[in-house]
Amino acid sequence: MIKLKTPEEIAKMKRGGEILSRVLSMLMKACVVGAHTVELDKLAQEEIKKAGGTPSFLNYKIHPKDPAYPGAVCISINDEVVHGLPEPDRIIKDGDLVGLDIGMWYEGLATDMAATVAVGKASSQAKRLNDDTRESLRRALKVVKDGAWIHEIGMAVEELLEPKGYGIIKELCGHGVGHAVHEEPQIPNYHERGFRAVKMKAGMCLAIEPMITTGDWRIRQLNDGWTFSTIDGSLAAHWEVTVAVTKSGYELLTPWPDAEK
Ligand code: MF3
Ligand code: CO
């Protein structure tokens, strides 16, 4: 069952999403050479608390057997795709490609967003991957509308990125969001015939999140029980926003971070 949100719930998510975007913008600015990832996480926890929210990733488990997630933000560097852990000894280096993924409970509802930062003298390949991943999210948003198919999102991402030779992660998807961190429907970033056809409806709240690599799409999970890395060591980027589906398109609940406006 895909739960629709009421206009009141969507208004709450929008208030939360605006705060979340502000916190993510701060993290992006703080993500510089020499920054400790655990300090970035501390900043995220403090800012969320100050704003009256609760970090939704902290102590979260996707599956009951998962270890509880130890932070408010996922920090995934270079060949790490998503769910990288904040760690005390981990320091951002010049040229790193850093994914920052953050979620928050606010007035009883969850929003979710992510951005990737190419730090300092990152390679042109890293910057291009990052720009193209963000652009694929923009293209994906264009298909969102009451009556459209969920799988049109994956088709839009594929249409832009496959000809450029990128890998599109298949094992991880976007998702519904709001009453829980992860809800139905699953939102793949690629398309295959045989996917169950799900129609978008006004009031659905969706976290759309292309995860893209410069090489192969295959990933593995590290022994920490969370971090996903590319198998071939290629670079990965990740962008995510939360939207509410409307009759004419969508309402952006997590505004693009400052630098992207
Ligand atoms: N935004 C992440 C996702 O949709 C949520 C990560 S849950 C965490 O996969 F516990 F890893 F933080
Ligand atoms: Co998400």
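Provided above is the structure to which this section pertains.
Residues numbered from 1 in each chain as written. Chains lettered and ligands numbered in written order. Predicted model: local features only at pLDDT ≥ 70, side-chain atom pairs only at ≥ 80, totals over all residues. Heavy atoms only, no water.

*Asks:* Help me understand the site of ligand 1 in this model?
*Replies:* Neighbouring ligand 1 are the residues Phe 57, Tyr 60, Tyr 69, Cys 74, His 83, Asp 101, Asp 112, His 175, His 182, Glu 209, Trp 226 and Glu 240. A distance of 2.8 Å is found between an oxygen atom of ligand 1 and a side-chain nitrogen or oxygen belonging to His 83. Between ligand 1 and Glu 209, the relevant distance is 2.9 Å, taken from an oxygen atom to a side-chain nitrogen or oxygen of the residue. In isolation ligand 1 has 330 Å² of accessible area, and contact with the protein removes 95% of it. Taken together, the residues of the shell around ligand 1 sort by class into five nonpolar, three polar and four charged. (Near = heavy atom within 4 Å. Polar contact = N/O pair within 3.5 Å; in protein donor to acceptor, adjacent residues only side chain to side chain. Areas by Shrake-Rupley, 256 points an atom, 1.4 Å probe, with all protein chains shown as cover. Nonpolar A, V, L, I, M, F, W, Y, C, P; charged D, E, K, R; others polar.)

*Asks:* Just to check I follow, could you spell out the packing of helix H1 (residues 7-30) against helix H2 (residues 37-50) for this structure?
*Replies:* Each pair of packed helices can be summarised by the angle the axes make with each other and by the distance between the axes. Closest axis-to-axis distance for the H1/H2 pair is 10 Å, and the angle between their directions is 155°. Taken together, the axis directions place H1 and H2 in an arrangement best described as roughly antiparallel. The element H1 and its partner H2 pack so that their crossing is right-handed. Together, Val 23, Met 26, Leu 27 and Ala 30 of H1 and Leu 40, Leu 43, Ala 44, Glu 47 and Ile 48 of H2 make up the contact between the two elements. For the contact of H1 with H2, the per-class residue count stands at eight nonpolar, no polar and one charged. (Axes fitted to C-alpha atoms, helices over the stretch in contact; angles between N-to-C directions. Helix = DSSP H or I, 4+ residues; strand = E, 2+ residues; numbered from the N terminus. Parallel < 35°, antiparallel > 145°, perpendicular 65-115°, else oblique. Left-handed = near helix turned anticlockwise from the far one by under 90°. Contact = heavy atoms within 4.5 Å.)

*Asks:* Would you mind going over the packing of aromatic side chains with me for this structure?
*Replies:* Geometrically, a pair of aromatic rings is defined through the distance of the ring centres and the angle of the planes. Inspection of the entire model under this criterion finds three aromatic pairs. Look at Tyr 69 and Trp 226: their rings are 5.0 Å apart centre to centre, the planes differ by 85°, and that puts the pair in the edge-to-face class. In this pair, Tyr 69 is assigned in the loop between strand S1 (54-55) and strand S2 (73-77) and Trp 226 in the loop between strand S11 (219-221) and strand S12 (228-230), connecting sequence segments 157 residues apart. Classification of Tyr 69 as buried rests on a relative accessible area of 2%. (Phe/Tyr/Trp six-rings, centres within 6.5 Å; stacked < 30°, edge-to-face > 60°. Buried < 20%, exposed > 50% of the residue type's maximum accessible area, 1.4 Å probe, protein only.)

*Asks:* Help me understand the nonpolar core in this model?
*Replies:* As a rule of thumb, soluble globular proteins bury nonpolar side chains together. Ile 92, Val 98, Leu 100, Ile 102, Leu 206 and Ile 208 are the most contacted members of the largest nonpolar core, which has 56 residues in total. Apart from the residues lying within four places of it in its own chain, the contact partners of Ile 92 are Cys 31, Val 32, Val 33, Gly 34, Ala 35, Thr 37, Leu 40, Ile 77, Val 98 and Val 119. Counting residues in each nonpolar core, the second largest holds nine residues, with Ile 10, Met 13, Ala 110 and Ala 207 among its members. (Core = buried A, V, L, I, M, F, W, Y, C linked by side-chain atoms within 4.5 Å.)

*Asks:* Explain helix H4 (residues 151-161) to me, please; I cannot follow it from the model alone.
*Replies:* Each α-helix winds once per 3.6 residues, and so residues spaced three or four apart point in a common direction. Among the eleven residues that make up H4, eight are buried, leaving the element largely enclosed by the rest of the structure. Buried within H4 we find His 151, Ile 153, Gly 154, Ala 156, Val 157, Glu 158, Leu 160 and Leu 161. Considering only its buried residues, H4 is in contact with helix H3 (124-142), strand S6 (167-168), strand S8 (183-187), strand S9 (205-208) and strand S10 (211-213).

*Asks:* Can you walk me through the sheet that holds S12 in this structure?
*Replies:* What holds strands together in a sheet is hydrogen bonding between their backbones, with the strands either parallel or antiparallel. Spatially, S3-S12-S11 is the arrangement adopted by the three strands of the open sheet, whose pairing is antiparallel. Each edge of the open sheet carries a strand with a single partner, namely strand S3 (80-82) and S11. In this sheet, adjacent strand axes meet at a mean angle of 40° when their direction is disregarded. Sheet analysis places S3 next to S12, joined by two bridges and oriented antiparallel. Looking at S12, one finds that Val 82 is bridged to Phe 228. (Pairing = 2+ DSSP bridges.)

*Asks:* Hey, could you run me through the coordination of the cobalt ion (ligand 2) in this one?
*Replies:* For a metal with four tetrahedral donors the ideal donor-metal-donor angle is 109.5 degrees, while six octahedral donors give ideal angles of 90 or 180 degrees. The coordination sphere of the cobalt ion (ligand 2), as far as protein atoms go, consists of Asp 112 (OD), His 175 (NE2), Glu 209 (OE) and Glu 240 (OE), spread over 2.1 to 2.3 Å. For the cobalt ion (ligand 2), the donor residues sit on a single chain with the sequence spacing D-x62-H-x33-E-x30-E. Taken together, the residues His 175 in strand S7 (residues 174-176) and Glu 240 in the loop between strand S13 (236-238) and strand S14 (241-245) connect sequence positions 65 residues apart. His 175 gets classed as buried once you look at its relative accessible area, which sits at 4%. (Donors = N, O, S within 2.8 Å, 3.2 Å for Na, K, Ca; no water.)

*Asks:* Is there a simple way to think about the packing of H3 against H4 in this case?
*Replies:* Running from amino to carboxyl end, H3 crosses H4 at an angle of 140°, the nearest separation of the two axes being 8 Å. Looking at the two axes, H3 sits oblique to H4. Judged by the sense of rotation from one axis to the other, the crossing of H3 with H4 is right-handed. Between H3, through Asp 132, Glu 135, Ser 136, Arg 139 and Ala 140, and H4, the contact on the second element is made entirely by Ile 153, Ala 156, Val 157, Leu 160 and Leu 161.

*Asks:* What is the right way to look at the environment of Met 13 in this model?
*Replies:* By the secondary structure assignment, Met 13 is in helix H1. Taking the C-alpha atoms as reference, Met 13 lies 15 Å from Glu 183; in sequence the two are 170 residues apart. Discounting residues that sit within four places of it in the chain, Met 13 has contacts with Lys 5, Leu 109, Ala 110, Thr 111, Val 177, Gly 178, Cys 205, Thr 242 and Leu 253.

As far as function goes, none of this settles anything; it's purely spatial.
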